[in-house]
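The lines below spell out each chain.
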Amino acid sequence: MDIRALGYLRLETTRPAEWRTYALDLLGMTEAPGSTEDTLRLRMDDRVHRITVHTGTADRLLAAGWEVADAAALDRAARELEAAGHPVKAADAGELDERRVRGLIHVSDPCGNPLEIYWGQAQDHTPLGTPYGNRFVTGDLGLGHVVLPVPDIEAARDFYEHLLGFQLRDSMRLPPQAVPTATAQRDFHWMHFLSPNRRHHSLGLYPGALPPGIVHFMVELETLDDVGHGLDRMNAAGIPIASSLGRHTNDRMVSFYAQAPGGFQVEYGWDGLLVDPAAWVAKEITADSFWGHRWNG
Ligand code: FE2
């Protein structure tokens, strides 16, 4: 399957006002045309939207949107998923219109995480006026990365690596206390990092369950100062910092993690590693950071 990037995220929130402030005033995203009282559309680059936040009755991930090149690639993806026993459902006209894409299928991963595979998203050609002059690193690397809870870690890895065609970049052993919801008793649990493009990882697989259906998502900024200013804004707003500034060992990202409205986190980073997929060899990492990333709680 030829998936190119993590294209968008759709979230449901019970706290729309908090999300509006968080995304616009703290993360430095821009409200996209087409936002309504119930749907906040967020622009980060030349796509009409990258993140949509829908007001609802739960705080959860509605879908991770994965982009393919064209209609033929989407047809192939649908056939391969069905052949492997994963039922797909084509989007109706209303769903295509709402997401501003030309074609889309719904499918779930083996742990029930909702995915949308799509092609042909509309662009916005007007200048992106971010509130602090901050710029996000996106383009063909996609919007950033997302970490999904997958209690059946090896079934999930097999699905994303061998069916969706993501490259396994590296894996890390988590101690049992880091996975309190694990169903099997083990000395350690693997966590995996994968991507369909040069971004070190577009997807992290966390081997436990979490109610919001998302552990965190990461957005990457062009400069270290963008990240530092973001940290100042979070602190000034009294947002709990889940993890202090640090540099990850695997994607070399300098980042911090802030609590987001709804029980998950946003990683705000800079200087993420780009890899050459043809030359990459999968590795095990034995620490998640070179320095920093002190977790609170
Ligand atoms: Fe991350």
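Just so you know, the residues in each chain are numbered from 1, in the order the chain's sequence is written. This being a predicted model, a pLDDT of at least 70 is required before a residue's local features are given, and a value of 80 or more before pairs of side-chain atoms are given or counted; all residues contribute to the totals for chains, interfaces and linings. Note that the side-chain values use all heavy atoms of the structure and ignore hydrogens as well as water.

S.K.: Can you explain the sheet that holds strand β13 (residues 216-221)? Please cite residues and give values.
M.R.: Pairing in this open sheet of 10 strands is mixed, and the strands run β17-β10-β11-β12-β9-β13-β16-β15-β14-β18 from one edge to the other. With one partner strand each, in any of the chains shown, β17 (283-285) and β18 (289-292) form the two edges of the open sheet. Looking at each pair of strands side by side, their axes are set apart by 25° on average, direction ignored. As paired elements, strand β14 (residues 241-248) and β18 share 3 bridges and run antiparallel to each other. Residue pairing for β18: H248 is matched across the bridge by S289. In what follows, residue pairs with any heavy atoms lying within 4.5 Å of each other are defined as contacts. Angles run from 0 to 180 degrees between N-to-C directions of axes, and those axes are lines fitted to C-alpha atoms, restricted for helices to the stretch in contact. Only DSSP runs of H or I reaching four residues or more are called helices, and only runs of E reaching two or more are called strands; each is numbered from the N terminus. Against the sheet, helix α1 (residues 16-26) engages β13, β15 (254-260) and β16 (264-270), with an angle of about 155° to β15. Its contacts with the sheet place helix α4 (residues 153-163) against β9 (145-149), β10 (167-174), β11 (189-195) and β12 (203-206), and it is angled at close to 15° to β11. Whether two strands pair comes down to DSSP finding at least two bridges between them.

S.K.: Quick one: what's the story with α1, residue by residue and with numbers?
M.R.: Residues spaced three or four apart along an α-helix point in a common direction, a consequence of the helix completing one turn every 3.6 residues. For the exposure calls, accessible area comes from a 1.4 Å probe over protein chains only, and a residue counts as buried if that area is under 20% of its type's maximum, exposed if over 50%, partly exposed in between. Every buried residue of α1 is accounted for by W19, Y22, A23, L24 and L26. One or two residues past the end of α1 sits G28, with phi positive at roughly 80°.

S.K.: Just give me the short version of the coordination of the iron ion, but keep the residues and values in it.
M.R.: Metal coordination here is assigned from N, O and S atoms located within 2.8 Å of the ion, or within 3.2 Å for Na, K and Ca; omission of water means that sites may look incomplete. Those donors, H145 (NE2), H216 (NE2) and E267 (OE), are the protein atoms that reach the iron ion, and they lie 2.0 to 2.2 Å from it. Mapped onto the sequence, the donors of the iron ion take the spacing H-x70-H-x50-E. Within this pair, whereas H145 is found in strand β9, its partner E267 is found in strand β16, the two being separated by 122 residues in sequence. Taken individually, H145 and E267 each receive the classification buried, so the pair is uniform in this respect.

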